[in-house]
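A look at the structure
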Amino acid sequence: MCLSIPGKILSIKDQMATIDISGSQYQAGTHLVENAKVGDLVLIHSGFIIQMLTPEEAEETREILREILKNDETSKK
Amino acid sequence: MSDTVLLAHGSGGIKTQQLIQDYFFKLFDNPILNEATDSAVLDRPKGKICLTTDNFVVQPQDFPGGDIGKLAVCGTINDLAVSGAKPQYLSVGFILEEGLLLSDLMRYVKSMANTAKSAGVRIVTGDTKVVQRNNCDHLYINTTGIGTIQSEQEHISSGRKIKSGDAILINGYIGDHGMAIFSTRFPKQVSTKLLSDCNCLNELIGDLLAKKCKINFMRDPTRGGVAGVLNELSTQLNLGINILEDQLPVRPEVSGLCEILGFDPLYLANEGKVLLICPKEESEKILNIWRKHPLGKNARQIGHISNEHKGLVVMQTCYGGKRLIDPMISDPLPRIC
Amino acid sequence: MSFFNTYRNPALVKDCLDVIRTEAKKPIKLMEVCGGHTHAIQRYGLPSLLPSNIELLSGPGCPVCVTNRSYIDQAIHLASDTQNIICTYGDLLRVPGSISSLEKVKALGHSVEIVLSPLQCLEMAKQNPDKHIVFLGIGFETTAPATAATILEAEKKKIKNFSVFSAHKTMPAAMKALAGEQPLLNGYICPGHVSSITGARMYSFLPEKHGIACVIAGFEPLDLLECILMLIRQVNSNHPKVQIQYKRAVTINGNKKAQQILEKVFKPVNDYWRGLGRINGSGLAIENRYEEFDTNSRLYLPPYEISEPAGCICGDILKGIQKPNECGLFRSACTPANPIGACMVSNEGACNAYYSYKP
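Thoughts on the domain arrangement of chain C
Residue and element names in this part refer to chain C. Here chain C is described as being made up of domain 1 (1–299) and domain 2 (314–357). Once you take the C-alpha centre of each, domain 1 and domain 2 turn out to be 18 Å apart. Of the roughly 1,900 Å² buried at the junction of domain 1 and domain 2 (both faces included), carbon and sulfur atoms supply 63%. Sorting the residues of domain 1 by area buried against domain 2 places His39, Gln42 and Cys65 first, and these three jointly supply 28% of that buried surface. Our count for the domain 1 to domain 2 interface comes out at 0 salt bridges.

Concerning the interface of chain A and chain B
Residue-level contacts link 15 residues of chain A with 16 residues of chain B. Summed over both partners, the interface of chain A with chain B comes to about 1,300 Å²; 59% of that surface belongs to carbon and sulfur atoms. Inspection of the region where chain A meets chain B yields 0 salt bridges. Seen at the junction of chain A and chain B, the total is 5 residue pairs in polar contact (both at pLDDT 80 or more). At the level of secondary structure, the elements contributing two or more residues to the side of chain A that touches chain B comprise strand 3 (24–29) and strand 4 (41–45) of chain A. No other element matches the 4 residues that strand 3 of chain A contributes to the side of chain A that touches chain B. Class assignment of the residues belonging to the side of chain A that touches chain B gives a composition of 7 nonpolar, 8 polar and no charged. The pairing of strand 3 of chain A with strand 8 (residues 190–191) of chain B spans 2 bridges and is antiparallel. Following the sheet pairing, Gln25 of chain A is matched in strand 8 of chain B by Ser191 of chain B.

Notes on the interface of chain A and chain C
Taken together, the contact pairs 33 residues of chain A with 47 residues of chain C. Here chain A meets chain C over a buried area of about 3,600 Å², counting both sides, of which 66% is carbon and sulfur. Inspection of the chain A/chain C interface yields 0 salt bridges. At the junction of chain A and chain C, the tally comes to 8 residue pairs in polar contact (both at pLDDT 80 or more). Those elements that place two or more of their residues in the side of chain A that touches chain C are strand 4, strand 5 (48–53) and helix 1 (55–76) of chain A. Grouping the constituent residues of the side of chain A that touches chain C by class yields 19 nonpolar, 9 polar and 5 charged.

As for the nonpolar core
Core analysis: the largest hydrophobic core is formed by 135 residues, its most contacted members being Met179 of chain B together with Phe162 and Tyr188 of chain C. If you tally residues by element for this core, the top one is helix 8 (residues 144–156) of chain C, at 7 residues. Those residues in contact with Met179 of chain B that sit more than four places away from it in its chain are Leu194, Val254, Leu257, Cys258, Leu261, Phe263 and Leu268 of chain B.

Considering the packing of helix 3 (residues 68–81) of chain B against helix 4 (residues 102–118) of chain B
Residues and elements named next belong to chain B. The interhelical angle for the contact between helix 3 and helix 4, taken along N-to-C directions, is 35°, at an axis separation of 7 Å. Crossing hand, helix 3 versus helix 4: right-handed. Where helix 3 approaches helix 4, its residues Ile68, Gly69, Lys70, Ala72, Val73 and Cys74 are matched on the opposing element by Tyr108, Ser111, Met112, Thr115 and Ala116. Per-class residue counts for the contact of helix 3 with helix 4 are 7 nonpolar, 3 polar and 1 charged.

Concerning the packing of aromatic side chains
Tallied over the full model, the rule gives 11 aromatic pairs over all chains. With 5.0 Å between their ring centres and 80° between their planes, Phe182 of chain B and Phe263 of chain B make a pair best called edge-to-face. Taken together, the residues Phe182 of chain B in helix 5 (residues 176–185) and Phe263 of chain B in the loop between helix 8 (252–261) and strand 11 (275–278) connect sequence positions 81 residues apart. Accessibility expressed as a relative area gives 6% for Phe182 of chain B, which makes it buried. Since its relative accessible area comes to 9%, Phe263 of chain B is described here as buried. Ring pairs connect the aromatic residues Phe24, Phe28 and Phe94 of chain B, which therefore count as one cluster. We note Lys169 of chain C situated over the ring of Trp273 of chain C; from NZ or CZ to the ring centre the distance is 6.0 Å. A cation over a ring is seen here: Arg331 of chain C above Tyr355 of chain C, with NZ or CZ 4.5 Å from the ring centre.

Some details on the packing of helix 6 (residues 202–210) of chain B against helix 9 (residues 283–291) of chain B
All names here are of chain B. Two numbers describe how helix 6 lies on helix 9: the axes approach to 10 Å, and their chain directions differ by 135°. Judged by the inter-axis angle, helix 6 sits oblique to helix 9. Classified by chirality, the crossing of helix 9 by helix 6 is right-handed. Along its contact with helix 6, which presents Leu204, Asp207 and Leu208, the element helix 9 presents Ile286, Ile289 and Trp290.

Let's talk about the sheet that holds strand 7 (residues 187–190) of chain C
Residues and elements named next belong to chain C. If you trace the 5 strands from one edge of the open sheet to the other, you get 2-1-7-8-9, paired in parallel fashion. One side of each edge strand has no neighbouring strand; the edge strands of this open sheet are strand 2 (54–58) and strand 9 (242–244). Going across the sheet, the axis of each strand differs from the next one's by a mean of 25°, ignoring polarity. Note that strand 7 and strand 8 (residues 213–216) share 4 bridges and pair parallel. Each residue of the ladder has a partner; that of Gly187, found in strand 8, is Ala213.

Concerning the environment of Arg300 of chain B
Residue and element names in this part refer to chain B. Take Arg300: it is sitting in strand 12 (residues 300–306). Between the alpha carbons of Arg300 and Leu101 there is a distance of 43 Å; along the sequence they are 199 residues apart. Discounting residues that sit within four places of it in the chain, Arg300 has contacts with Ile168, Leu169, Ile170, Asp246, Gln247, Leu248, Pro249, Leu287 and Arg291. In this structure the side chain of Arg300 is engaged in a polar contact, spanning 3.3 Å, whose partner is the backbone oxygen of Gln247.

Considerations on helix 2 (residues 10–23) of chain C
All names here are of chain C. Taking 1.5 Å per residue as the helical rise, helix 2 with its 14 residues ought to reach 20 Å, and the 20 Å between its terminal C-alpha atoms agrees with that figure. For helix 2, the set of buried residues is Leu12, Val13, Cys16, Leu17, Val19, Ile20 and Glu23. The arc that holds every buried residue of helix 2, seen down its axis, measures 160°, which confines them to one face. Its side-chain oxygen 2.8 Å from the backbone nitrogen of Ala11, Asn9 forms the N-cap of helix 2.

The rules we used
- All residue numbers refer to positions counted from 1 along the written sequence of the respective chain.
- Both sets of labels track the order of writing: A upward for chains, 1 upward for ligands.
- Two thresholds apply to this predicted model, a pLDDT of at least 70 for residue-level local features and 80 or more for giving and counting side-chain atom pairs, whereas whole-chain, interface and lining totals are computed over all residues.
- Heavy atoms from the whole structure form the basis of all side-chain values; hydrogens and water molecules are not counted.
- Start and end positions for the domains come from either an automated domain assignment or a database one.
- Once two parts are joined, some of their accessible surface, as seen by a 1.4 Å probe, is lost; buried area is that loss totalled over both.
- A pair is scored as a salt bridge if a Lys or Arg side-chain nitrogen falls within 4 Å of a carboxyl oxygen belonging to Asp or Glu.
- Contact between two residues is taken to exist if any of their heavy atoms lie within 4.5 Å; hydrogens are not considered.
- Counted as a polar contact is a pair of N or O atoms within 3.5 Å, where, for protein atoms, one must be capable of donating a hydrogen and the other of accepting one, and residues adjacent in sequence contribute only when both atoms are in side chains.
- Strands are runs of DSSP state E lasting at least two residues, helices are runs of H or I lasting at least four, and both sets are numbered from the N terminus onward.
- Under the scheme applied here, ten amino acids are nonpolar (Ala, Val, Leu, Ile, Met, Phe, Trp, Tyr, Cys and Pro), four are charged (Asp, Glu, Lys and Arg), and all others, including Gly, are polar.
- When DSSP locates at least two bridges between a pair of strands, those strands are taken to pair.
- Buried Ala, Val, Leu, Ile, Met, Phe, Trp, Tyr and Cys residues form a nonpolar core when they are joined through side-chain atoms within 4.5 Å.
- We call a residue buried when its accessible area falls under 20% of the maximum for its residue type, exposed when it is over 50%, and partly exposed in between, using a 1.4 Å probe and counting protein chains only.
- Axes, fitted as lines to C-alpha atoms, cover a helix only where it is in contact. Angles between the N-to-C directions of the axes lie from 0 to 180 degrees.
- Left-handed describes a crossing whose near helix is turned anticlockwise from the far helix by less than a right angle; the clockwise case is right-handed.
- Geometry of aromatic contacts follows a simple scheme: Phe, Tyr and Trp rings, the Trp one being its six-membered ring, pair when their centres are within 6.5 Å, and the pair is stacked under 30 degrees between planes, edge-to-face over 60, tilted otherwise.
- The rule for a charge over a ring is simple: NZ of Lys or CZ of Arg within 6 Å of the ring centre, and within 35 degrees of the ring normal.
- We call two directions roughly parallel when the angle between them is under 35 degrees, roughly antiparallel when it is over 145, roughly perpendicular when it lies between 65 and 115, and oblique otherwise.
- By this rule, a helix spans an expected 1.5 Å times one less than how many residues it contains.
- Each direction from the helix axis to a C-beta atom contributes to the arc, which is the arc of those directions.

And the structure:
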């Protein structure tokens, strides 16, 4: 469902990836994405990987958020 | 003996006798059962008795962490234990499907015998019927249990002593059984090392009774989960119940699968958990006793009884927001959106 | 996993809420169009945390809710043929048609199977060569590619006893239709996973033509709060545009491969949305080239009439004109156990989320 948390690809065989989600494994098709490989962070929906994520992107979002909050601090002053 | 259950095993003839002798008497072995009477003759205990019954139709019959035999013994023992009773005797009724492997039956019967033995409970009478193939799913088991209860524990199952401010405790992680069973339905899509928490709680609860802990209510959150029990209670007694999201013990494997399947661990079944409500000042004592027991290592307080929102179960989210915890309509279904 | 620490960090949530409270100076109406967002917002209790001048409306983004009753009726018709096995996501099982539901006909012995992935249908087709497997394709751009990829797999594996009964829909067409009806709407919380497929570009007509602020959000509490803050800032600066909050999953152009598969297998058609009516070009039908996998071409479907239950205001709720608790049926005649309107049916429907999560 949409509240999906990212999973990590453990292995790929015949276009099907085994994905770790907090210690449980889930099977998802790699048909909808390019170059999925072991170790990638992915979003899953209805049995398929729908998007690749990178840890850097997650880090970046956190930084952006910090920036937003900081901007506000400065604008208040 | 042939390798599958035949209608003849339920006919009352020689095959029935063989089944009773070679399986039930041999494994459940105790003096009361061995009398082989139509009714078990039991000593009259001091004080009152508790009587409970439950049917077990779990599918699959073998699941990670247990099987239908273990569940059938634990389930009834737990119903007695959470009422504040000391479980003593069980009866067992089997409905077997023609064609069930006798080796499977043997495994379930062994599992029942071992579970009952380690819980200190005797299986003293029983019945077996065999139905035609496709008229049941392998086997169904009914167990009825008798326990003894002290007068000072009689209020526990009704919860009539619950008052505002009381603490709500649980003895460990929620949702393990429900998710372990669910994962077997989609073996190619989902795999997990999760085990059912299926276990007898009489010792864990007995420890509290022996140490004279003040307990206002106990119930095992099986079908319908923690949300089910709390909603039943809040409706029946018109109580306001507050649950703290960040205190709910949920294993990462369970919460991860919940996210992807659209489930809420609060609604998943447990088979080795007890929800306990006690006076606030008693909670530390109970938690300390529990944490020394293998089945209570992860015990904690998950909420309290409130003066507000009577008749409703409300969860305080990790961020201070509030949401209503509804009773479940029917089994959770996996969903995409 | 560090994921939760990042996006569910209570201290950061508190900081973010403080900033929102400072910056939200005037009344602002925002609509989340994705059912997943509706659910997350309720699940984390966000409405009770946000300042009262920020109003959140729930839009038409729950695929089950906007699927018309006649689709369920037709699915039930298909299930009643013992030649067919109906495969569906769990979402549709309890949705009421005009007289029954898939759950009820399953109880009567018809073959209705729940799947987690449409690929399971292909396994089932192999295991049941004498049966026809019908997959009920519901959902938006997030789920439709999974259906499309499955059809391509079926073609590759030369599976002949499988077809898709498509009720797939596309989101932008509905958002466009709603924008015209909602003059007071300040901003859209744009769907996260739909956008991860389609990309952010498709929303540009909303700020340009309708003056509506658009931010694509993730599903964690901090995602949603950050999105709301970004929308507030757009509204304050009176400069609506399309922004991406959910950067870890969404780009301007989206998932090209998924888009190509989607375009290859499906074609846009006019479609009927429960509660909203007909929206041009908003449905996805299977391309002629793949008609052997189209239930409409393969099996007989009875004609139907489209009707809405009496007294139900789902249409206005989906448009954001009314709230669930303003409906005369809400919590009395219409409950999750006995849903009348579309929005009560699914877990992600606005009425269901309201019923379940509002203390």
